[in-house]
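Examining the three-dimensional arrangement
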Amino acid sequence: MSLDYLEFEKPIAELQEKIAELQRVSSAGELNMGAEISRLCAKNLQLTKEIFAKLGAWQITQIARHPLRPYTLDYIKRMVVDFQELHGDRMYSDDGAIVAGLGWIGDHRVAIVGHQKGRNTKQRTRRNFGMARPEGYRKAQRIMLLAERFGLPLVTLIDTPGAYPGVGAEERGQSQAIAQSIEVMATLKTPIISVVIGEGGSGGALAIGVCDKLLMLQYSTYTVISPEGCASILWKSADKAAEAAEAMGVTTRELSKFGLVDEVIAEPLGGAHRDYDETARSVKDKIVDALREFESVDNEQLLENRYARLMSFGKFELKE
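A short tour of the structure in this document, coming up. All values reported here derive from a predicted model rather than from experimental measurement.

Thoughts on the overall build of the protein chain
For the protein chain, the count of helices and strands is 14 helices and 8 strands. Evaluated residue by residue, the protein chain yields a buried proportion of 49% over its 320 residues. For the protein chain, the share of sequence-separated contacts (at least 6 apart) that also reach a separation of at least 24 residues comes to 73%. Roughly 15,900 Å² of accessible area belongs to the protein chain as shown, and the carbon and sulfur atoms make up 52% of that amount. With 40 positive and 44 negative side-chain charges, the protein chain shows a separation of 3 Å between the mean positions of the two kinds.

What follows is the structure, encoded as structure tokens:
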């Protein structure tokens, strides 16, 4: 699988190309390049570590949007047993941007809701680039209430640039659907574990992100608006997106400082797209740990803790 290197990864890509060329020469039996290949591999590893040790907010945003980054269905395939997908909102249609269903994570029977993007043009059209419409959020609510009815913990996987802003979505009550999802999750009598696996964009992310524990992958982002959108408002130009990303504090590093994320899940060196299996194992382990935390918490205490958690967000200062 081509790693589709990002702009800031060009030095890594160039070195990897040299390694690949030497490997071709060596495999052809023309020369024994084993020692040189080992040296360049070690150099490539060190270079990758150096580059990823000092990533800026905009570079992390690019990784969160990487076209090869694992999506919800990739995680479900690797960490959920006997997944049964459920479709439709029982009002309008089935939204491919939201995947929902039931399955087993470890020893826990759970309900799962997540955003799903597409890999190619056909999939992206069907999934609407992970931007859910009202019927997607109403489908999510249906699964959430089903989880509450049967006493199943809810796991949500967040990865969207935002809710779809099209005319049809607005006509069908996009803002109301998002608000209803937030309301349902705020009062849902079952544990909720949310994981930001890529982009956590605006209300489209928050609609399935009200939870008892928020986990984020190392190179994911969570923000009230995209850097491009913020730049267009503040500087009247999307070209200032990198500057906006730094100012907004979209990364796990900044979000952790303010207590908005409960735990950061380490990614393989180079990002989650470098190793789907390792990333899925890490996510699964953290979800299972979180589910165990809530096994002995009754519903009344669960709701009190959730309310206190939500009310702890944000800081303000009163002035005379």
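Next comes the rest of the account.
Considerations on the packing of aromatic side chains
Under the defined criterion, the tally for this structure stands at 2 aromatic pairs. With centroids separated by 5.9 Å and ring planes inclined at 65 degrees, the aromatic side chains of Phe8 and Phe52 adopt a geometry described as edge-to-face. On the criterion of sequence distance, the pair formed by Phe8 in the segment before helix 1 (10-27) and Phe52 in helix 2 (residues 34-52) is long-range, its members being 44 residues apart. Of the two residues, Phe8 and Phe52, both sit in the buried class. Joined through ring pairs, the aromatic side chains of Phe8, Phe52 and Tyr219 make up one cluster. The ring of Tyr71 has Arg119 sitting right over it, with the charged end atom 3.9 Å from the ring centre.

A word on the packing of helix 10 (residues 227-234) against helix 11 (residues 241-248)
Their axes nearest at 8 Å, the elements helix 10 and helix 11 cross at an angle of 100 degrees. Between helix 10 and helix 11, the angle is such that the two are roughly perpendicular. The residues of helix 11 that touch helix 10, namely those facing Pro227, Glu228, Cys230 and Ala231, are Ala241, Ala244, Ala245 and Met248. In the contact of helix 10 with helix 11, the residues fall into 7 nonpolar, no polar and 1 charged.

Description of empty space enclosed by the protein
In total, this model carries 1 cavity of 30 Å³ or more according to the counting rule given. Considering only enclosed or pocket space, the largest cavity measures out at about 70 Å³ in volume. Taken together, Thr61, Arg65, Thr160, Pro161, Glu199, Gly200, Gly201, Thr221, Thr223, Ser226, Pro227 and Val250 form the lining of the largest cavity. At the level of elements, strand 5 (192-201) and strand 7 (221-223) are the ones that each hand at least two residues to the lining of the largest cavity.

Some remarks on the nonpolar core
Membership of the largest hydrophobic core comes to 33 residues, with the highest contact counts inside it found for Val113, Tyr137, Met144, Leu154, Ile208 and Tyr222. For this core, the secondary structure elements donating two or more residues are strand 2 (98-105), strand 3 (108-115), helix 6 (134-149), strand 4 (154-160), helix 8 (174-187), strand 5 and strand 6 (213-217). Looking at this core element by element, the count peaks at 6 residues for helix 6. Setting aside its immediate chain neighbours within four residues, Met144 contacts Leu154, Val184, Met185, Leu188, Ala207 and Ile208. Of all hydrophobic cores here, the second largest spans 25 residues; its members include Val80, Val110, Ile197 and Ile287.

Calculation rules
- Residues numbered from 1 in each chain as written.
- Predicted model: local features only at pLDDT ≥ 70, side-chain atom pairs only at ≥ 80, totals over all residues.
- Heavy atoms only, no water.
- Helix = DSSP H or I, 4+ residues; strand = E, 2+ residues; numbered from the N terminus.
- Buried < 20%, exposed > 50% of the residue type's maximum accessible area, 1.4 Å probe, protein only.
- Contact = heavy atoms within 4.5 Å.
- Areas by Shrake-Rupley, 256 points an atom, 1.4 Å probe, with all protein chains shown as cover.
- Lys, Arg positive; Asp, Glu negative; His and termini not counted.
- Charge placed at Lys NZ, Arg CZ, Asp CG, Glu CD.
- Phe/Tyr/Trp six-rings, centres within 6.5 Å; stacked < 30°, edge-to-face > 60°.
- Lys NZ or Arg CZ within 6 Å of the ring centre and 35° of its normal.
- Axes fitted to C-alpha atoms, helices over the stretch in contact; angles between N-to-C directions.
- Parallel < 35°, antiparallel > 145°, perpendicular 65-115°, else oblique.
- Nonpolar A, V, L, I, M, F, W, Y, C, P; charged D, E, K, R; others polar.
- 1 Å grid on protein atoms, 1.4 Å probe; cavity = no way out; pocket = protein on both sides within 12 Å on 5 of 7 lines; lining within 4 Å.
- Points joined across faces, edges and corners; volume = space filled by probe spheres on them.
- Core = buried A, V, L, I, M, F, W, Y, C linked by side-chain atoms within 4.5 Å.

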